[in-house]
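Residue-level structural notes
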Amino acid sequence: MLTESSLEEVTEQLNSFVNITEESNREDKLALIITGQALEHALSSSCSQLFLNVAMSCGAVICCRVTPLQKAQVVQLVKAQVKGSITLAIGDGANDVSMIQAAHVGIGISGLEGLQATLASDYAIAQFRYLIKLLFVHGAWNYRRLTNVILYSFYKNICLYMMQFWFAFFNGFSGQVFFERWTIGAYNVIFTLLPPLALGLMDQDVRAATRLKLPRLYRTSQNGREFNAKILWVWIADSIFHSLVLFFVTGIALWHGAPFSDGKICGLWFTGNTVYTATVITVVLKAGLHIYHWDVLSHISIWGSILSWFVFVAVYAQVWPTLPIGSEMVGLDSRLFGTFVFYALIILTPCIALAPDFLYKIITYQVGRSLLKSVQRQEYANKRLQVWCQKHRC
């Protein structure tokens, strides 16, 4: 306990605490109790680092009878001096507002002391005990959802626009587009709009009850295992690989043209829209591989996005000349939908592109040694047992 009232006494006492923490084992659970008067000196420029070292060596630090400013100063000290720290402040009154605003994440409790804390916070809860579920369940879920949305957004755009880069080598860098302009604009607005929502809103890697029973699962998000520079570059490399497969497999298959019944052969727009169709299917199914919790909205997001492209082609090919757009697409719907090579390529090409991803998911799921993979396998086994029991009325 630190209750001294002068800077010299506080410094001397903190030095003695340093010796205690160095002599104690790491398994010992130490706690520091400090009063507001002593904290005023401990936060001074000459003593703040010493106070922080002692505080970081303890399992808990209790600051009693402190002012709202001192609460914020303690949070700011940790933010500034502890590298890689993520601070959370929680309070229920107006005297906690400055501390809540100073932290990375501020949580307000709505109670008898008014709504000042909740109005200044990032998240609001009704009782303090809800903090466990907020962190270990919703916090972990949202961390994973957000990382998948960010990574997937990079992936799907790199995959599409890298094919325009490959095409530039065959058109002499003339600026000729490989896809029709309005279809390019609709890529993020229509055809790949729903998969990020399925990843970012509804997905759950494990059930809420499991996360509450196993708080260790939270370490995955704390350690940054699901979002770091290595994972980002893996997704970028995967998008480049997919663009190579989608562009060159289709290009080689249609290199000499595909004859139609009227004697004509396919041209630029037939090839481009075949590649575009395969791209939409591949990119959307890639999102499906990263969805753990499938529900009605997930199925609508995945299969509805693929269906929306076919509906768009059928409608957009009839627009010109009623509207002065899409002249390149006139009659292309019957060409695409009436040619066997089109269906063969939009099935074969995504399978080739996604085969490594699919195999990686199977291998990591079956033999992954991480706690998360083990829990997922156990949950899946329990789910299959429950379905079997319901089927056989056991």
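Residues numbered from 1 in each chain as written. Predicted model: local features only at pLDDT ≥ 70, side-chain atom pairs only at ≥ 80, totals over all residues. Heavy atoms only, no water.

We now examine the overall build of the chain. Secondary structure summary: the chain contains 17 helices and 5 strands in total. Here the C-alpha atoms of the chain give a radius of gyration of 29 Å, more than 25% beyond the 21 Å that 2.2 N^0.38 yields for 394 residues. Its C-alpha atoms give the chain principal-axis dimensions of about 95 × 60 × 45 Å. Across the 394 residues of the chain, 42% fall into the buried class. In the chain, 68% of the contacts between residues at least 6 apart in sequence involve partners at least 24 apart. Here the chain has roughly 22,200 Å² of accessible surface; of this, 63% comes from carbon and sulfur atoms. Computing the positive centroid from 30 side-chain charges and the negative centroid from 24, the chain places the two 14 Å apart. (Helix = DSSP H or I, 4+ residues; strand = E, 2+ residues; numbered from the N terminus. Rg over C-alpha atoms; globule rule 2.2 N^0.38 Å. Buried < 20%, exposed > 50% of the residue type's maximum accessible area, 1.4 Å probe, protein only. Contact = heavy atoms within 4.5 Å. Areas by Shrake-Rupley, 256 points an atom, 1.4 Å probe, with all protein chains shown as cover. Lys, Arg positive; Asp, Glu negative; His and termini not counted. Charge placed at Lys NZ, Arg CZ, Asp CG, Glu CD.)

Attention shifts here to the pattern of salt bridges. Taken as a whole and assessed by the stated rule, the structure comprises 5 salt bridges. The salt bridge involving Arg 211 is made with Asp 205; its shortest N-O contact spans 2.7 Å. For the pair Arg 211 and Asp 205, a shared accessibility class is recorded, and that class is buried. A salt bridge links Asp 357 to Lys 286; the nearest nitrogen and oxygen atoms lie 2.6 Å apart. Taken together, the residues Asp 357 in helix 16 (residues 340-367) and Lys 286 in helix 13 (residues 268-289) connect sequence positions 71 residues apart. Lys 286 carries the same exposure label as Asp 357, and that label is buried. (Salt bridge = Lys/Arg side-chain N within 4 Å of Asp/Glu carboxyl O.)

Let us look at the confidence of the model for the chain. Atom-level detail of predicted coordinates should not be read off regions where pLDDT is low. Per-residue pLDDT for the chain averages 88, and the proportion of residues at 70 or more is 94%. For the chain, the element scoring lowest by mean pLDDT is helix 17 (residues 371-392), at 71; helix 12 (residues 229-253) scores highest, at 95. (pLDDT = per-residue confidence, 0-100.)

This next bit is on the packing of helix 13 against helix 14 (residues 296-316). Two elements in contact, helix 13 and helix 14, have axes separated by 9 Å at closest approach and are oriented at 170°. In terms of their interaxial angle, helix 13 and helix 14 are classed as roughly antiparallel. Seen from helix 13, the contacting residues are Asn 273, Tyr 276, Thr 277, Val 280, Ile 281, Val 284, Leu 285, Ala 287 and Gly 288; seen from helix 14, they are Ile 302, Trp 303, Ser 305, Ile 306, Trp 309 and Phe 310. A per-class count over the contact of helix 13 with helix 14 returns 11 nonpolar, 4 polar and no charged. (Axes fitted to C-alpha atoms, helices over the stretch in contact; angles between N-to-C directions. Parallel < 35°, antiparallel > 145°, perpendicular 65-115°, else oblique. Nonpolar A, V, L, I, M, F, W, Y, C, P; charged D, E, K, R; others polar.)

Let us look at the sheet that holds strand 3 (residues 88-91). As summarised here, the arrangement of the 3 strands in space is 3-4-5, forming an open sheet in which the pairing is parallel. Here the strands that pair on one side only, and so sit at the sheet edges, are strand 3 and strand 5 (123-125). Pairs of neighbouring strands in the sheet enclose a mean axial angle of 20°, with direction left out of account. In the sheet, strand 4 (residues 105-109) pairs with strand 5 via 3 bridges, with the strands oriented parallel. Across the sheet, residue Ile 107 finds its bridge partner in strand 5, namely Tyr 123. (Pairing = 2+ DSSP bridges.)

Counting residues in hydrophobic clusters, the biggest one holds 47 residues, and the most contacted among them are Tyr 152, Met 163, Phe 179, Phe 191, Phe 270, Tyr 276 and Trp 309. Considering each element in turn, this core owes the most residues, 10 residues, to helix 13. Discounting chain neighbours no more than four positions away, the residues touching Trp 309 are Thr 183, Phe 191, Asn 273, Tyr 276, Thr 277 and Val 280. Counting residues in hydrophobic clusters, the runner-up holds 20 residues, among them Phe 17, Val 18, Leu 39 and Ala 42. (Core = buried A, V, L, I, M, F, W, Y, C linked by side-chain atoms within 4.5 Å.)

Here Thr 250 shows up in helix 12. Taking the relative accessible area as the measure of exposure, Thr 250 reaches 0% and is therefore buried. When neighbours within four sequence positions are excluded, Thr 250 is seen to be in contact with Val 245, Thr 271, Thr 274, Val 275, Leu 345 and Thr 349.

The next thing to look at is helix 9 (residues 194-202). Along an α-helix, a turn takes 3.6 residues, which lines up residues three or four apart on a common side. Among the residues of helix 9, Pro 195, Pro 196, Ala 198 and Leu 199 are the ones counted as buried. Projected onto a plane normal to the axis of helix 9, the buried residues spread over an arc of 160° and lie on a single side. Buried residues along helix 9 sit in contact with helix 7 (131-168), helix 13 and helix 14. (Arc of directions from axis to C-beta.)

Bringing the packing of helix 7 against helix 9 into the picture now. Two elements in contact, helix 7 and helix 9, have axes whose closest approach is 8 Å; the angle formed by their N-to-C orientations is 165°. With respect to each other, helix 7 and helix 9 are oriented roughly antiparallel. As helix 7 runs across helix 9, the sense of the crossing is right-handed. Residues Arg 145, Asn 148, Val 149, Tyr 152 and Lys 156 of helix 7 touch helix 9, and the partners they reach there are Pro 195, Pro 196, Leu 199, Gly 200, Leu 201 and Met 202. (Left-handed = near helix turned anticlockwise from the far one by under 90°.)

With that settled, consider unusual backbone geometry. Between Trp 320 and the following residue, Pro 321, the backbone shows a cis peptide bond with an omega angle of 10°. As for its position among the elements, Pro 321 is in the loop between helix 14 and helix 15 (332-337). Unlike most non-glycine residues, Arg 65 shows phi in positive territory, near 55°. Turning to its location among the elements, Arg 65 is positioned in the loop between strand 2 (60-64) and helix 4 (68-81). Positive phi values are uncommon outside glycine, yet Phe 173 reaches one of about 55°. By the secondary structure assignment, Phe 173 is in the loop between helix 7 and helix 8 (181-191). The exposed category is assigned to Phe 173, whose relative accessible area is 54%.

The next point concerns the pairing of strand 3. Of the two faces of strand 3, only the one carrying Ala 89 and Gly 91 is buried; Leu 88 and Ile 90 on the other face are not. Summarising the sheet, strand 3 and strand 4 pair through 4 bridges and their orientation is parallel. By the bridge assignment for strand 4, Ile 90 is matched with Ile 107. Of the crossover connections in this fold, the one passing from strand 3 over helix 5 (residues 97-102) to the parallel strand 4 is right-handed. (Right-handed = clockwise from strand over helix to strand, strands pointing away.)

Moving on, we get to helix 13. Between the first and last C-alpha of helix 13 there are 31 Å, a value that for 22 residues agrees with the 32 Å anticipated at 1.5 Å per step. With 19 of 22 residues buried, helix 13 lies mostly within the body of the structure. (Expected span 1.5 Å × (residues − 1).)

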